[in-house]
Amino acid sequence: MSIRNRLAALESRKLMTAVSKSGAAEQLTKQLQNTAERMRDTPLSQLTANVSPVEVAALILDGRVDEEVARKCIELSKQSVSNAKLFQCFLDAAGCSQTNLTENS
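Everything quoted here is computed from the prediction, not taken from an experiment.

(A) Layout of the overall build of the protein. Broken down by element type, the protein carries eight helices and zero strands. Beginning at the N terminus, the succession of helices and strands in the protein can be written as α-α-α-α-α-α-α-α. Each of the 105 residues in the protein was classed as buried or not, and the buried ones make up 42%. The contacts of the protein with a sequence gap of at least 6 include a subset with a gap of at least 24, amounting to 56%. Total accessible area computed for the protein in this model is approximately 5900 Å², and 47% of it derives from carbon and sulfur atoms.

As structure tokens, this is what we get:
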């Protein structure tokens, strides 16, 4: 199964566990849910051109993952910034190991 499909198939419970493991506070979870709600009617092709890390996380939370969202998640998980842990938790929850990332990238 591709990384895109694994991220899109994350169950809500697994995703909430990933968010809490990342150290994200309840306020961040609410922000992600509100962002997902706001973006829900916009086609992914219009969103992914200049998508922010918060928007990537919101799209994953909402189950709206295409190849570009999956690629952004992988990129963000490899950065040495504070939000990298959140995206690594998403990938872990989706069952994407470092081996899978290199094979499917």
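What follows continues from the structure just given.
(B) Structural context of the pattern of salt bridges. Per the counting criterion, the structure on display carries six salt bridges. One salt bridge in this structure joins Arg 40 and Asp 62, with 2.5 Å as the shortest N-O distance. One end of the pair, Arg 40, is in the loop between helix H3 (26-39) and helix H4 (44-47); the other, Asp 62, is in the loop between helix H5 (53-61) and helix H6 (67-78), and 22 residues separate them in sequence. Asp 62 sits in the partly exposed class, given a relative accessible area of 25%. Note that Glu 68 is salt-bridged to Lys 72, the shortest N-O span being 4.0 Å.

(C) How the structure looks around the packing of H5 against H6. Orientation of H5 relative to H6, taken along the N-to-C sense of each, is 125 degrees, at an axis distance of 10 Å. Taken as axis vectors, H5 and H6 run oblique relative to one another. Note on packing geometry: the crossing formed by H5 with H6 is left-handed. Of the residues in H6, those touching H5 at Pro 53, Val 56, Leu 59 and Ile 60 are Val 69, Lys 72, Cys 73 and Leu 76. Tallied by class, residues from the contact of H5 with H6 come to seven nonpolar, no polar and one charged.

Cut-off values and rules
- Residues numbered from 1 in each chain as written.
- Predicted model: local features only at pLDDT ≥ 70, side-chain atom pairs only at ≥ 80, totals over all residues.
- Heavy atoms only, no water.
- Helix = DSSP H or I, 4+ residues; strand = E, 2+ residues; numbered from the N terminus.
- Buried < 20%, exposed > 50% of the residue type's maximum accessible area, 1.4 Å probe, protein only.
- Contact = heavy atoms within 4.5 Å.
- Areas by Shrake-Rupley, 256 points an atom, 1.4 Å probe, with all protein chains shown as cover.
- Salt bridge = Lys/Arg side-chain N within 4 Å of Asp/Glu carboxyl O.
- Axes fitted to C-alpha atoms, helices over the stretch in contact; angles between N-to-C directions.
- Parallel < 35°, antiparallel > 145°, perpendicular 65-115°, else oblique.
- Left-handed = near helix turned anticlockwise from the far one by under 90°.
- Nonpolar A, V, L, I, M, F, W, Y, C, P; charged D, E, K, R; others polar.

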